[in-house]
Amino acid sequence: MKAGTCSTATLLASDANGDYITFHIESPPPGEALRISGNQLELCDEGDNGGTSRSVEVQFDVCDVLGLCSSMHSGLGRSLFHILPVGPSVVAFQALPLQQQLRLVFSTTTNCPDVRSTAAIRTVLAFSDTSVPVVGGHWEPGCKAL
């Protein structure tokens, strides 16, 4: 999931006797926004994680109406959420019609993907008007502007 968003995991379980079952979060990780509704476990990430990836493990139990729980026999269930940093986004652009150029400025440094050919730049950027001729591009020093 992307940092600053919510993601839902569907928890799976069944009861041998067909009894109604409920899911419960066990030992919620501190500082995490968790919600469980039926068999849907939702995690909402609150920030950008400082540009790093992280994983959040949520342990849960499932019990039937008689109070018999999975943890009594096979242990707690686990759901793992991988939270990925938000990538760069375009924050400004500059059209240079005389030079037939478009300059794009990104919110953060990029990983400088190859943009030297038409095919390469079309893997990085999507154009709504595909008839516009795109020859290629080059990164400015620091890889924050194209």
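This section reports on the structure supplied with the text. It should be emphasised that the depicted structure is a prediction, and the values quoted were computed from it without experimental measurement.

What follows concerns the overall build of the protein. The secondary structure content of the protein amounts to one helix and eight strands. Reading the helices (α) and strands (β) of the protein from amino to carboxyl end gives β-β-β-β-β-β-β-β-α. Taking 2.2 N^0.38 as the reference for a compact globule, 146 residues should give roughly 15 Å; the C-alpha atoms of the protein span a radius of gyration of 24 Å, well beyond that estimate. Seen through its C-alpha atoms, the protein measures out along the principal axes to roughly 75 × 30 × 20 Å. Relative to its 146 residues, the protein shows a buried fraction of 27%. Nonlocal contacts in the protein, meaning residues at least 24 apart in sequence, comprise 53% of its contacts between residues at least 6 apart. Total accessible area computed for the protein in this model is approximately 9500 Å², and 55% of it derives from carbon and sulfur atoms. Charged side chains in the protein number 8 positive and 14 negative. The centres of these two groups are separated by 16 Å.

A regular strand carries its side chains on alternate faces of the sheet. Bridge count for strand 7 (residues 90-96) against strand 8 (residues 101-106) is six bridges, and the pairing is antiparallel. Bridge pairing in strand 8 links leucine 96 to glutamine 101. Taking the residues between adjacent antiparallel strands as the criterion, strand 7 and strand 8 are bridged by four residues, where glutamine 100 takes a positive phi near 55 degrees.

Taken in spatial order, the three strands make up an open sheet running 1-4-3, and their pairing is antiparallel. Looking at which strands have only one partner, the edges of the open sheet turn out to be strand 1 (6-10) and strand 3 (33-37). The average undirected angle you get between the axes of adjacent strands in this sheet is 20 degrees. Bridge count for strand 3 against strand 4 (residues 40-44) is five bridges, and the pairing is antiparallel. Within the sheet, the bridge partner assigned to isoleucine 36 lies in strand 4 and is leucine 41.

Right, let's get into unusual backbone geometry. The phi torsion at serine 27 lies on the positive side, around 45 degrees, for a residue other than glycine. Of note, serine 27 is situated in the loop between strand 2 (21-26) and strand 3. Notably, cysteine 143 is not glycine yet its phi reads approximately 60 degrees, a positive angle. Among the structural elements, cysteine 143 can be located in the segment after helix 1 (118-124).

Looking now at the sheet that holds strand 5 (residues 54-64). Pairing between sheet strands relies on hydrogen bonds along the backbone, with the strands arranged either parallel or antiparallel. The strand order across the open sheet built from three strands is 2-5-6, with neighbouring strands paired in antiparallel fashion. Two strands bound the open sheet, and with one partner strand each, they are strand 2 and strand 6 (77-83). Each strand axis lies, on average, 30 degrees off the axis of its neighbour in the sheet, ignoring direction. In the sheet, strand 2 pairs with strand 5 via six bridges, with the strands oriented antiparallel. Note that in strand 5 the partner of histidine 24 across the bridge is aspartate 61.

By the secondary structure assignment, alanine 13 is in the loop between strand 1 and strand 2. Measuring from C-alpha to C-alpha, the distance between alanine 13 and aspartate 129 comes to 48 Å, with 116 residues separating the pair along the chain. Excluding residues within four positions of it along the chain, alanine 13 makes contact with Ile21, Phe23 and Val62.

Cut-offs applied
Residues numbered from 1 in each chain as written. Predicted model: local features only at pLDDT ≥ 70, side-chain atom pairs only at ≥ 80, totals over all residues. Heavy atoms only, no water. Helix = DSSP H or I, 4+ residues; strand = E, 2+ residues; numbered from the N terminus. Rg over C-alpha atoms; globule rule 2.2 N^0.38 Å. Buried < 20%, exposed > 50% of the residue type's maximum accessible area, 1.4 Å probe, protein only. Contact = heavy atoms within 4.5 Å. Areas by Shrake-Rupley, 256 points an atom, 1.4 Å probe, with all protein chains shown as cover. Lys, Arg positive; Asp, Glu negative; His and termini not counted. Charge placed at Lys NZ, Arg CZ, Asp CG, Glu CD. Pairing = 2+ DSSP bridges. Axes fitted to C-alpha atoms, helices over the stretch in contact; angles between N-to-C directions.

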